[in-house]
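# Coordinates in review
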Amino acid sequence: MAIGIDGTPKGTQPSAAPGGRTRRDVARGLRTGALTAALAPLLAAFRAPERAPDRASFDRMHRGRRIQGVRTADGHWHVTLDGRPLHLMRRADGTWLSMVDHYCSYPTPLDAARAAADALAPGERLREAGTEPRHQHRGGRHGVRA
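Parameters at a glance
Residues numbered from 1 in each chain as written. Predicted model: local features only at pLDDT ≥ 70, side-chain atom pairs only at ≥ 80, totals over all residues. Heavy atoms only, no water. Salt bridge = Lys/Arg side-chain N within 4 Å of Asp/Glu carboxyl O. Helix = DSSP H or I, 4+ residues; strand = E, 2+ residues; numbered from the N terminus. pLDDT = per-residue confidence, 0-100. Contact = heavy atoms within 4.5 Å. Pairing = 2+ DSSP bridges. Axes fitted to C-alpha atoms, helices over the stretch in contact; angles between N-to-C directions.

## Remarks on the pattern of salt bridges
Summed over the entire model, instances satisfying the criterion amount to six salt bridges. Taking the shortest distance from any N to any O, the salt bridge between Asp 118 and Arg 63 comes out at 3.6 Å. You can see Asp 118 sitting in helix H2 (residues 109-119) and its partner Arg 63 sitting in the loop between strand S1 (57-62) and strand S2 (65-71), a full 55 residues away along the chain.

This is the structure:
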């Protein structure tokens, strides 16, 4: 048997690194961290949306626009943006969307109203109730002009 410079028999290696951890322990820790980082977005996607505290109303200013909302007795929300009604819809998953920004959903009616305010151009306002354009059928073309 040959003896090395450090006095240990040649062909044997110390079982642990100077910090008390082997390369295998370090590799295992790195794999665990990588797996955790890879699974975090998946776990976050399955988490239920956060709910705001159940309040019956809100009155906020957002980027120069006044947002007001009141929950009615039947559980619906009446939301106005600068005094004009903003139609909100509740999705099956419990989130909300507005007719102004109907491509995204938001966890609360206030968040949906803020997004609607962001989507409006400066100086642009919502239409007043009852002033929606009527669809007129002209000559079988359904009002579409080329």
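## Re the confidence of the model for the protein
For the protein, the average pLDDT comes to 76, and 70% of its residues sit at 70 or higher. The low-confidence segment residues 141-146, where pLDDT is below 50, has seven contacts with residues more than four positions distant or belonging to other chains.

## Observations regarding the sheet that holds S2
Read across the sheet, four strands follow the order S1-S2-S3-S4 without closing on themselves; strand pairing throughout is antiparallel. Looking at the sheet topology across the chains shown, the edges are occupied by S1 and strand S4 (84-86). On average, adjacent strands in this sheet sit at an angle of 25 degrees to one another, irrespective of strand direction. Pairing analysis gives six bridges linking S1 to S2, with the strands arranged antiparallel. Pairing of Ser 57 across the sheet is with Val 70, part of S2. Sheet strands in contact with H2 are S1, S2, strand S3 (77-81) and S4, and its direction is about 25 degrees off that of S1.

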